[in-house]
Every structure is written in structure tokens, then in C-alpha cells.
Amino acid sequence: MPWAQHYRMHDYVVHELPALIEASFPVSDQRGISGHSMGGHGALVCALRNPGRYQSLSAFAPICNPMAAPWGEKAFSRYLGEDHSSWREWDASLLIANASEKLPIFIDQGDRDDFLAIQLKPEAIESAAKLAGHPLTLRRQAGYDHSYFFIASFIEDHLRHHAISLKA
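Scoring rules and cut-offs
Residues numbered from 1 in each chain as written. Predicted model: local features only at pLDDT ≥ 70, side-chain atom pairs only at ≥ 80, totals over all residues. Heavy atoms only, no water. Helix = DSSP H or I, 4+ residues; strand = E, 2+ residues; numbered from the N terminus. Rg over C-alpha atoms; globule rule 2.2 N^0.38 Å. Buried < 20%, exposed > 50% of the residue type's maximum accessible area, 1.4 Å probe, protein only. Contact = heavy atoms within 4.5 Å. Areas by Shrake-Rupley, 256 points an atom, 1.4 Å probe, with all protein chains shown as cover. Pairing = 2+ DSSP bridges. Axes fitted to C-alpha atoms, helices over the stretch in contact; angles between N-to-C directions. Bend = angle between axes of the 7 residues up to and from the residue. 1 Å grid on protein atoms, 1.4 Å probe; cavity = no way out; pocket = protein on both sides within 12 Å on 5 of 7 lines; lining within 4 Å. Points joined across faces, edges and corners; volume = space filled by probe spheres on them. Nonpolar A, V, L, I, M, F, W, Y, C, P; charged D, E, K, R; others polar. Polar contact = N/O pair within 3.5 Å; in protein donor to acceptor, adjacent residues only side chain to side chain.

A. Fine view of the overall build of the protein chain. In terms of regular secondary structure, the protein chain is built from 7 helices and 4 strands. Element order for the protein chain, N to C, with α for helix and β for strand: α-β-α-β-α-α-β-α-α-β-α. The C-alpha atoms of the protein chain give a radius of gyration of 16 Å, which matches the 15 Å a tight globule of 168 residues would have. Out of the 168 residues in the protein chain, the part that is buried amounts to 40%. A fraction of 73% describes how many contacts in the protein chain between residues 6 or more apart in sequence connect residues 24 or more apart. Split by element, the accessible area of the protein chain, about 9500 Å² in all, is 57% carbon and sulfur.

B. Expanded view of the environment of Ile96. If you trace the backbone, Ile96 turns up in the loop between α4 (92-95) and β3 (105-110). Between the C-alpha atom of Ile96 and that of Leu44, which follows or precedes it by 52 residues, the distance is 9.3 Å. In this structure Ile96 touches Leu48, Ile105, Ile125, Ala128, Ala129, Ala132 and His134, once residues within four positions along its chain are discounted.

C. The arrangement of the sheet that holds strand β4 (residues 136-141) in detail. Overall, parallel pairing links the 4 strands, which are arranged β1-β2-β3-β4 in an open sheet. Each edge of the open sheet carries a strand with a single partner, namely β1 (32-36) and β4. Going from strand to strand, the sheet's axes swing by 10 degrees on average, the running direction of each strand aside. Alignment of β1 against strand β2 (residues 56-60), held across 5 bridges, turns out to be parallel. When the sheet's bridge partners are listed, Ser34 is paired in β2 with Ser58.

D. Seen up close, helix α1 (residues 9-24). Of all the bends in α1, the largest measures some 30 degrees and sits at Glu16, one to four residues before the proline Pro18. Within the sequence span of α1, burial applies to His10, Val14 and Pro18. The inward-facing, buried residues of α1 abut α2 (38-49).

E. Empty space enclosed by the protein, seen in detail. Counting across every chain of the model gives 1 cavity of 30 Å³ or more. By volume, the largest cavity is sized at about 60 Å³. Considering the residues around the largest cavity, the lining is formed by Ala47, Leu48, Pro51, Leu57, Ala99, Ser100, Glu101, Leu103, Ile105 and His134. Broken down by class, the residue content of the lining of the largest cavity amounts to 7 nonpolar, 2 polar and 1 charged.

F. Examining the environment of Ser56 more closely. Within the fold, Ser56 resides in strand β2. Among all residues touching Ser56, those that are not within four sequence positions of it are Arg31, Gly32, Ile33, Leu103, His161, His162, Ser165 and Leu166. For Ser56, the side chain forms a polar contact with the side chain of His162, separated by 2.5 Å.

G. Focus on unusual backbone geometry. The phi dihedral of Ser37 falls on the positive side, at around 60 degrees, and the residue is not glycine. In this model, Lys121 sits at a positive phi of 50 degrees, which is unusual for a non-glycine residue. By the element assignment, Lys121 lies in the loop between α5 (116-120) and α6 (122-132). Among the residues examined, Lys121 registers a relative accessible area of 15% and is labelled buried.

Keep in mind that these numbers describe shape and distance, not what the molecule does.
Written out as C-alpha cells, the structure reads:
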């Protein structure tokens, strides 16, 4: 893969993209991060690995415990290698135990999501947050799946969550 040597999505999302936005638009340095599914996993990890960088965090149907999910095993082995100990720093359900910042997490999860049991595992982050005393709002939305309709149905709540945290 010719792109793999320079592919650093974490650095791009955490550092390069905000710098570009802040240099090009009249915005403050207040930041929120959110994502859906794999992007939800990324949002959780970016915020948990970079205390103080974000003032708000939310996710729709995130992959919460990738070390225990087929997607995570496949992706982590390809990107991080076979040493499972190095995977721990990229798993939100494990990062939350040692988070130095208790940034409130807001998650929506559909209860009809085909990926729920095998890939997403919201119960893992729920247990970890409870054990660590980390503020987490995990809403299980009856009848919703993994679709964009699910996101469109609850995006206003996420925007309000971010607005409150960002004092907009």
C-alpha cells in the first residue's frame, strides 16, 4: 500500500484539520468532535487520547471495544501489527479507565442495529465509564438501525450537546 507510510488519520483529525480550519475561518479554539460507527470510534479515541483538546464529544453507534470485535481485530492487526498490547491505546473502552480528563461522553445507539452485538459493544464502554466514574450518557434508541436516518433523527440532540459544552 503506497499510502500507508504517510497515512496518519489520527494526526490529521487531531492536528492538521483543526489548524487548517482555524487558519481559514473565523473560529475559536473551542473544539468538539463527533462521529458515526468507525468515525464514532475515532472521535472517542481522539478525545480520550488528547485531554484538553476537545470541549465536547459525542458519537452515533460507535465501535466501543474494537479489541473484542471482528472489525477491530482486522483493522488493528493490519495497522498496528500482531502485538495486541499496542492495540490497547486505540480502544475507547480501555482508554477510559485511565483518562486524565472526564470529558462527558454522549452516545446514541439504535437497538435494531445489525452491528450492535458483534461489532459495536456499547456495554463495554458503559461498564468502563461506570467503573472509572467517567460521565457517559448512552441512549438506546428503540427501533433504530445503523442508517443515516438514525443520525438525522437525533443529530439535533448532539448539536445541542456540543453547543452547551462549547457555550455557543
